[in-house]
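Fold and contact review
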Amino acid sequence: MKNTILFSGITLLLLVLSGNIQAQERGQMRRQGNDSLMRSMPKIGKVSGKIFDSKSNKPVEYASVAVVANRDSSITGGSLSDGKGNFLVEELPMGRFRLRITILGYGTMFSDVFILTPQNPESDAGKISIDPSAASLKEISVSAERPDLINSLDRKVYNVDKNIVNTGGTVTEVLSNIPSVNVDMDGKVSLRGTENVTILIDGKPSGVLGGDRKAVLQQIPASAVDQIEVITNPSAKYDADGMGGIINIKTKKGKLKGMNGNVTGGVGTNNKYNFSLGLNNRTSKMNLYANYSFRHEERSNTGAGNQDNFFPGQTPYSYSYNSHGHNQSEFHNGKLGADFYLNKNNTLGINGSLTKRKSNQPGQSFYSFTDVQGLQYTTYSTRSTDDDKNLSGDAGLDYKKNWTGSKRELTGSVNYSQNERSEEGTLESSVYSLENKPYQLNENLNKYSAVISQIDFVQPVKESGKFEAGLKSTYRKLDNDQIISTIDSNQLTYSINSLKTDHFIFNEQVFAAYSMYSGKWKKFEYNAGFRAEQTLSDGQSRSQSLSFINDYLSFFPSAFIKYPLSKSQDVQLSYSRRVNRPESRSLNPFTDYSDSLMLRKGNPELKPEYIHSMELGYSTQVSKFNITATLYYRHTDDLISRYRTVDGNTGISTSTFINYSTSENIGGEAIIRYQMEKAGSVMGSFNIYQNTVNGKNVEADLQSSSTQWSGRLNINLKLGKTTSAQITGNYMSKFNSPTSTFKGMSGVDAGLKQEIWKGKGSLSANITDIFETRRMEITSFNDYYTSSMIRTRESRVATFTLTYRFGNQDSNLFQRKKNQRSNVPQTDSPDMIDF
């Protein structure tokens, strides 16, 4: 009841503020007339032209063309000139604009003001001559094509289509090449050293990730993804969940006017295939889009390890094991969506997606036990199968409203996600003589559903201020039913094993409200926000008759301040408080006996961990170099971590989750991008941090401090006008935790891309992990045992991919004459936006 009253009050307050501010703005709106009448109409404006060198009269290729609003100099669109000097900028609003043209070796040039109207939404700038200028070399640095990484102080935007080495690959492989992000051999994603990172698809949690996040990311084709955003220190506007920040996977959505499409097919070594199709039809009234992706993959994996046991009162002994497996999987994903431009102020969007995934994973393991002299005294082997089927769906409804004459904006969305995953497996062991029958049958049915509703309001304040507020409700439910049946060795019949069978249900509701103000004072830009989240969660293990409730109210302030040191240098300081809520599997008290020597279980008494995050960033442009450097610090209370114990009588280990007292993470990151004039670009990144964990609340001497660093180098080469190549390498250093040591990992990838069919198609070839060095090696230890393990997954894969783009590209706009430009009104009109 209290939550209902709280959110009703906040909603009423937003409406009152909207009404009061609207009344205060009426006078200003009258003065402005209809200067923003067209702002919220569909962006159908276009401008084209040709750029020539004023001295040689030759076309200028790769000139950066920015469309600048005449009123406040904000950039509303842009493009690059092609090999014939042609440029085309689309999806522009109606209003008054200028062109700003820049390129290395030339001065910056501004065009005359041109006007786009609903009657004349296209403008031809004609032939534009620019003058060479040696002085401008120190002032301007322009990428010769769409950059692989758009790097700013608060986020990084990675353009997937520029990553040749991962063409035909998966999202996991793309993430492994992004600065700040690491991916281990199991596909676990970490951001600046922490796996507690929020992963979104198109800005929202998705049901496709509800079952097994790392398995899904390893199968989503890279061809289905447009961009990946990395936000390391989100503001109060975003969900507070996730210690490391947010990774947003933006899927492809057609934007070109008319009917357009693309189709991609690829084949890889050892039975790997992928296919994707994207269609889009955009008019002034609506935008329809559809995408389909398919991926078939087979990969082998191996494992080896040993453990030395020296428990008090027992004779020391050791055991070793070797394992190998084969994973065959298929992935289908389809997405449909439409944006309806109801009128100049209202837009309605609807979308839905369906994903089907299945996999089969047979495996074998061999165990050998030796005494203190190293003499083998017993052995046994096991075989297992695991058939996994997964079906998930997402549906969403979005609404956006603008106000004429104001930048005020109201958006709302409702999204529903559902995921159902079923697993069937068997276990066989040489210990039992069962006429080739498995001694254990495993069945698991996992159901996940989520409903998320959100409303956001933006209100401009004077010229440079902006007030934002919003409400969000998130409901998640997880129902996991695991049934284990074991065989009667005499009757050779199966019955449910109550000690290994579990039915766990977990519910979580999060109600959130935030407000935020952004403004400018002199040269300073600032942002301050506050977010409140009420969490209501409960879990129940029906098989063990155990339940728990965990409700808590949390507050999350954030603050950002930015100061330009010069035209090419910026510095920014930011702070935010975040939370990492325990996942359902870490709370489930059930003990998993999948491996009889290494048991796993959750801890229902886990508390959420709270993080204070600070960043100091610096960005500059020096000639052809773009440099970003960041210092960051994170302090975490009640750190959630794995904790392993060993039974001194049986030698069986149990892994669970606990809260350590605190942890501190301090580090630095540098990203340097060098743009070569014609040959391509080089980007290097380096991240180093020290992690200190204090676990004295668990054991008196349980603490650790380790330094880890990682580096990446991406080299993009232009071998010709239509040929490009890429080489990438990464290294992740050794690091320690209180009870384990990770050895480190590295890899090198390479790719080649050839444009064909006059730019409408491309042929790519790449190979990942050329030297097969991506392997995971971990050593674990305590007072009574030491263990080591090494795991590998087929990582050296060669892939060949063919892409074809078709449909209306509006190329005829390049040929339009200046007479269209002469028809555009050159006098003030109340129907125009005075930009």
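Scanning the chain from terminus to terminus reveals five helices and 45 strands. Taking all 835 residues of the chain together, the buried fraction comes to 49%. A separation threshold of at least 6 residues defines the contact pool for the chain, and within that pool the share at least 24 residues apart is 67%. Here the chain displays about 38900 Å² of accessible surface, and carbon together with sulfur accounts for 54% of that area.

In space, the three strands of this open sheet follow the order β4-β1-β8, with mixed pairing throughout. At either margin of the open sheet sits one strand with a lone partner, and together these are β4 (86–92) and β8 (122–130). Here the strands of the sheet are splayed against their neighbours by 20 degrees on average, with no regard to which way each runs. Inspection of the sheet shows strand β1 (residues 45–53) paired to β8 by seven bridges, in the parallel sense. Bridge assignment links K50 to a residue of β8, and that residue is K127.

Membership of the largest hydrophobic core comes to 22 residues, with the highest contact counts inside it found for L175, V181, V189, L217, I228 and I247. Core analysis: the second largest hydrophobic core is formed by 19 residues, F97, I103, F114 and I130 among them.

Attention now moves to the side chain of E229. Tracing the backbone through its elements, the reader meets E229 in strand β14 (residues 225–231). E229 gets classed as buried once you look at its relative accessible area, which sits at 13%. Excluding its chain neighbours within four sequence positions, the residues that come into contact with E229 are R155, K156, V157, I246, I247, N248 and K250.

What follows deals with the packing of aromatic side chains. Using the criterion set out here, one finds 20 aromatic pairs in the structure. Both rings, one in Y367 and one in Y380, keep their centres 4.8 Å apart while their planes meet at 15 degrees; by these two values the pair is stacked. Taken together, the positions of Y367 in strand β21 (residues 363–370) and Y380 in strand β22 (residues 376–402) put the pair 13 residues apart, joining distant regions of the chain. When its relative accessible area of 16% is taken as the criterion, Y380 is described as buried. A ring pair is formed by W521 and F524, whose centres lie 6.1 Å apart and whose planes are at 25 degrees; its orientation type is stacked.

With that out of the way, let us pick up the pattern of salt bridges. Overall, the coordinates contain 25 salt bridges when judged by the stated rule. Taking the shortest distance from any N to any O, the salt bridge between E229 and K250 comes out at 3.8 Å. Placement of the pair is E229 in strand β14 and K250 in strand β15 (residues 245–251), with a sequence separation of 21 residues. Beyond isolated ion pairs, a larger network of salt bridges with shared partners links D239, D241, K472, R531, E533 and R581.

Glancing now at unusual backbone geometry. The backbone phi angle of K462 is positive, close to 55 degrees, even though this residue is not glycine. Of note, K462 is situated in the loop between β24 (440–461) and β25 (465–488). On the basis of relative accessibility, which here comes to 82%, the residue K462 falls in the exposed class. In this structure, K522 takes a positive phi of about 55 degrees despite not being glycine.

In this section: the environment of V67. You can see V67 is positioned in strand β2 (residues 64–69). Distance from V67 to R100, taken between C-alpha atoms, is 6.4 Å for residues 33 residues apart in sequence.

Turning our attention to the side chain of N248. Here N248 is to be found in strand β15. Apart from residues no more than four positions distant in its own chain, N248 is found in contact with L200, I201, D202, G203, Q227, I228 and E229.

As a further point, take a nonpolar patch on the surface. Among the surface-exposed residues, Y517, W521, Y526, I561, L573, M614, L616 and L631 lie close enough to one another that they form a single nonpolar patch of about 740 Å² accessible area. Among the secondary structure elements, those contributing two or more residues to the nonpolar patch are β27 (502–521) and β33 (609–622). Position of L631 among the secondary structure elements: in strand β34 (residues 625–646). What makes L631 exposed here is its relative accessible area of 53%.

Turning our attention to the pairing of strand β10 (residues 156–159). Residues K156 and Y158 point to one face of β10 and V157 and N159 to the other, with burial holding for every one of them. Direction of pairing for β10 relative to β14: antiparallel, over a ladder of four bridges. Looking at the pairing, Y158 lines up with I228 of β14.

Attention now moves to the confidence of the model for the chain. Confidence in the prediction of the chain, expressed as mean pLDDT, is 82, and 85% of residues score 70 or more. Taking the mean pLDDT of every element in the chain, the minimum, 36, falls on helix α5 (residues 819–822) and the maximum, 95, on β21. Segment residues 1–40 is flagged for pLDDT under 50; beyond a separation of four residues in sequence, or across chains, it makes 56 contacts in the model. pLDDT under 50 marks residues 134–145. Its contacts with residues more than four places away, or in other chains, come to 36 contacts.

Along the chain, R295 falls in strand β18 (residues 286–309). Owing to a relative accessible area of 5%, R295 belongs among the buried residues under this scheme. In sequence terms R295 and K272 are 23 residues apart; their C-alpha atoms lie 7.6 Å from each other. Of the polar contacts made by the side chain of R295, one reaches the side chain of E297; its length is 3.0 Å.

Moving on to the environment of E669. Assignment of secondary structure puts E669 in strand β35 (residues 653–675). Those residues in contact with E669 that sit more than four places away from it in its chain are K156, P179, S180, R192, T628, A629, T630, Y632, F686 and N687.

The side chains of a regular strand alternate between both faces of the sheet. Taken together, the eight bridges between strand β29 (residues 546–566) and strand β30 (residues 569–580) define a ladder with antiparallel strand orientation. Note on β30: the bridge partner recorded for A559 is Y575. Connecting β29 to the next strand, β30, in antiparallel fashion are two residues. As paired elements, β30 and β33 share 12 bridges and run antiparallel to each other. Bridge pairing links V571 to Y618 in β33.

Conventions adopted
- Residues numbered from 1 in each chain as written.
- Predicted model: local features only at pLDDT ≥ 70, side-chain atom pairs only at ≥ 80, totals over all residues.
- Heavy atoms only, no water.
- Helix = DSSP H or I, 4+ residues; strand = E, 2+ residues; numbered from the N terminus.
- Buried < 20%, exposed > 50% of the residue type's maximum accessible area, 1.4 Å probe, protein only.
- Contact = heavy atoms within 4.5 Å.
- Areas by Shrake-Rupley, 256 points an atom, 1.4 Å probe, with all protein chains shown as cover.
- Pairing = 2+ DSSP bridges.
- Axes fitted to C-alpha atoms, helices over the stretch in contact; angles between N-to-C directions.
- Core = buried A, V, L, I, M, F, W, Y, C linked by side-chain atoms within 4.5 Å.
- Phe/Tyr/Trp six-rings, centres within 6.5 Å; stacked < 30°, edge-to-face > 60°.
- Salt bridge = Lys/Arg side-chain N within 4 Å of Asp/Glu carboxyl O.
- Patch = residues over 30% accessible without salt bridge, like charges linked within 9 Å, V, L, I, M, F, W, Y side chains within 5 Å.
- pLDDT = per-residue confidence, 0-100.
- Polar contact = N/O pair within 3.5 Å; in protein donor to acceptor, adjacent residues only side chain to side chain.

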